[in-house]
Amino acid sequence: MAKTQAGLDFEHEREPIDELNTAEESSSEHEHDPSPGHDSEPGPGHESELSTGNEYDLSPEQKHELSPECEQTGVGSNDQSESEFGSAPVLELVLIRHGHTLWNKEHRYLGSTDLPLLPESKAQLAALRQQPELAGSFWRVYCSDMRRCRETLELIAPALMHYAIYDSRLREMSFGAWEGYTYEQLQHLPQYRDWIDDPAAVTPPDGEAWSVFTGRVEHFVSGLLQAAAAVGLKSSSHAGPLRVLVVTHGGIIRQLLARTMEGRSFHDTTAPLPGTAVTVRLQLP
């Protein structure tokens, strides 16, 4: 059965990515195999590819060092209490999920296909500029290089467009030959059923292996932590967490949540509603 928790929509537990769902249609129920999948560790064989980062298509301009504080204009100051962090240095990621596309509305698998936002989604996103998570300043701004994320950033935080680094590591998983298809169209394929049961062991035809997907997320996080340490986050002159805005996809957000929430896995986390934020805090060693 389709599953909804606190207004956050995602397919049944065995569906590996929630990009095909829409918030407006989350109340409709579809009959699915209820058996849960397995949350496995990434398999070997891809770590060496990810160690250099050379495969990621960042331009020289996108790799530039941002100023320590990229002030967002027209937004109130950040009044979040820092007492919960104690004295430990903290990197705070504000994760924004992109708005709806046509394939989201039609419940189709959407990963590497580069679709624009729906016109009605643009109006909804523009109305979310004043959400409290966007208040204050950001040390860095990252965005998936897919069109739906670029357009979301432009609508949610136009003043930060100039600072954005468009990073292909933040793309949704590629579903290969299954892109554009629905669960109903694929449910009888044995390979598809095996993939839902164990995405770490089965890869969609011409799609992305689970270990590559999780590996590039980890590569992004580790690089960000190293960069934060390099600018002296541990310095007593820095007050509060170093904040980073990340505009990305539902699957990436779920993986980041699973990485940082003790006892949680990808399959029992949910992404925020399109255009809304969730905050992840990473403590530096």
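Keep in mind that this is a model prediction, so the values were computed, not measured.

**Remarks on the packing of helix α7 (residues 210-230) against helix α8 (residues 250-260)**
Thought 1: Two numbers describe how α7 lies on α8: the axes approach to 11 Å, and their chain directions differ by 70°. Classified by the interaxial angle, the pair formed by α7 and α8 is roughly perpendicular. Every pair of crossing elements has a handedness; the one defined by α7 and α8 is right-handed. Residues Trp210, Phe213, Thr214, Arg216, Val217, Glu218 and Val221 of α7 pack against Gly251, Ile252, Gln255, Leu256 and Arg259 of α8.
Thought 2: The class makeup of the residues in the contact of α7 with α8 is six nonpolar, three polar and three charged.

**With respect to the pairing of strand β4 (residues 90-97)**
Thought 1: Summarising burial for β4: eight of the eight residues are buried, a large majority.
Thought 2: Pairing geometry for β4 and strand β9 (residues 277-283), over seven bridges, is antiparallel. By the bridge assignment, Val90 is partnered in β9 with Gln283.
Thought 3: Looking at chain direction, β4 and strand β8 (residues 242-248) are connected through seven bridges and run parallel. Paired with Leu95 across the strands is Val246, a residue of β8.

**Considering the environment of His219**
Thought 1: Topologically, His219 is positioned in helix α7.
Thought 2: Once the C-alpha coordinates of His219 and Arg169 are considered, the two residues, 50 residues apart in sequence, prove to be 8.1 Å apart.

**Considering unusual backbone geometry**
Thought 1: Notably, His107 is not glycine yet its phi reads approximately 60°, a positive angle.
Thought 2: Relative to the helices and strands, His107 resides in the loop between α2 (102-105) and α3 (119-126).
Thought 3: A positive phi angle is found at Asp206, which is not glycine, with a value near 60°.
Thought 4: Here Asp206 is to be found in the loop between α6 (190-197) and α7.

**A closer look at the nonpolar core**
Thought 1: Leu91 and Trp195 are the most contacted members of the largest nonpolar core, which totals 37 residues.
Thought 2: Sorting the residues of this core by element identifies β4, α5 (183-186), α6, α7, β8, α8 and β9 as the ones contributing at least two each.
Thought 3: No other element matches the nine residues that α7 contributes to this core.

**Some words on helix α4 (residues 147-156)**
Thought 1: The element α4 is largely enclosed, with a buried count of seven among its ten residues.
Thought 2: Those residues of α4 lying buried are Arg148, Cys149, Glu151, Thr152, Leu153, Leu155 and Ile156.
Thought 3: Elements in contact with the buried residues of α4: β4, α3, β6 (140-144), β7 (164-167) and β8.

**As for the confidence of the model for the protein**
Thought 1: Taken residue by residue, the protein gives an average pLDDT of 75. The fraction at 70 or more is 66%.
Thought 2: Note that pLDDT drops below 50 for residues 20-86; the model gives that stretch 146 contacts with residues more than four away or on any other chain.

**Considering the packing of aromatic side chains**
Thought 1: This structure, assessed with the given rule, holds twelve aromatic pairs.
Thought 2: Each ring, one from Trp178 and one from Trp195, has its centre 5.1 Å from the other, and the planes form 55°; the classification is tilted. Residue Trp178 is found in the loop between β7 and α5, and its partner Trp195 is found in helix α6; the two are separated by 17 residues along the sequence.
Thought 3: Each ring, one from Trp210 and one from Phe266, has its centre 5.2 Å from the other, and the planes form 90°; the classification is edge-to-face. One end of the pair, Trp210, is in helix α7; the other, Phe266, is in the loop between α8 and β9, with 56 residues separating them in the sequence.
Thought 4: Among the aromatic residues, ring-to-ring pairing joins Tyr109, Phe175, Trp178, Tyr183, Tyr192 and Trp195 into one connected group.
Thought 5: Positioned above the aromatic ring of Phe138, the side-chain terminus of Arg243 is 4.4 Å from the ring centre.
Thought 6: Sitting over the ring of Phe266, Arg254 keeps its end group 4.2 Å from the ring centre.

**Quick word on the environment of Asp206**
Thought 1: For Asp206, a relative accessible area of 75% gives the class exposed.
Thought 2: Between the C-alpha atoms of Asp206 and Phe175, which are 31 residues apart in sequence, the distance is 7.6 Å.
Thought 3: Apart from the residues lying within four places of it in its own chain, the contact partners of Asp206 are Ser174, Gly176 and Ala177.

What counts, and at which threshold
Residue indices begin from 1 for each chain and proceed along its sequence in written order. Where local features are concerned, this predicted model is filtered to residues with pLDDT of at least 70; where side-chain atom pairs are given and counted, the filter is 80 or more; whole-chain, interface and lining totals use all residues. Here the side-chain values reflect all heavy atoms present in the structure, with hydrogen atoms and water set aside. Fitted lines through C-alpha atoms serve as axes, helices being fitted only where they are in contact, and the angles separating the N-to-C directions of these axes extend from 0 to 180 degrees. Secondary structure elements follow DSSP: runs of H or I no shorter than four residues count as helices, runs of E no shorter than two count as strands, and numbering proceeds from the N terminus. By definition in this entry, angles of less than 35 degrees are roughly parallel, angles greater than 145 are roughly antiparallel, angles of 65 to 115 are roughly perpendicular, and the rest are oblique. Each crossing gets its handedness from the near helix: less than a right angle anticlockwise from the far helix is left-handed, clockwise is right-handed. Here a residue-residue contact requires only that any non-hydrogen atoms of the pair lie within 4.5 Å. Each residue receives one of three labels: charged for Asp, Glu, Lys and Arg, nonpolar for Ala, Val, Leu, Ile, Met, Phe, Trp, Tyr, Cys and Pro, and polar for the others, Gly being one of them. Accessibility here uses a 1.4 Å probe with only protein chains present; expressed as a share of the type maximum, an area under 20% marks a residue as buried, one over 50% as exposed, and anything in between as partly exposed. Strand pairing is assigned whenever DSSP identifies at least 2 bridges connecting the two strands. Nine residue types can take part in a nonpolar core, namely buried Ala, Val, Leu, Ile, Met, Phe, Trp, Tyr and Cys, and a core is a set of them joined through side-chain atoms within 4.5 Å. Each residue carries a pLDDT value, the predictor's own confidence for that position, ranging from 0 to 100. Stacked, tilted and edge-to-face pairs are distinguished by plane angle, under 30 degrees for stacked and over 60 for edge-to-face with tilted covering the rest, among Phe, Tyr and Trp rings (Trp via its six-membered ring) whose centres lie within 6.5 Å. Note on criteria: charge over ring means Lys NZ or Arg CZ within 6 Å of the ring centre, with the direction from the centre no more than 35 degrees off the ring normal.

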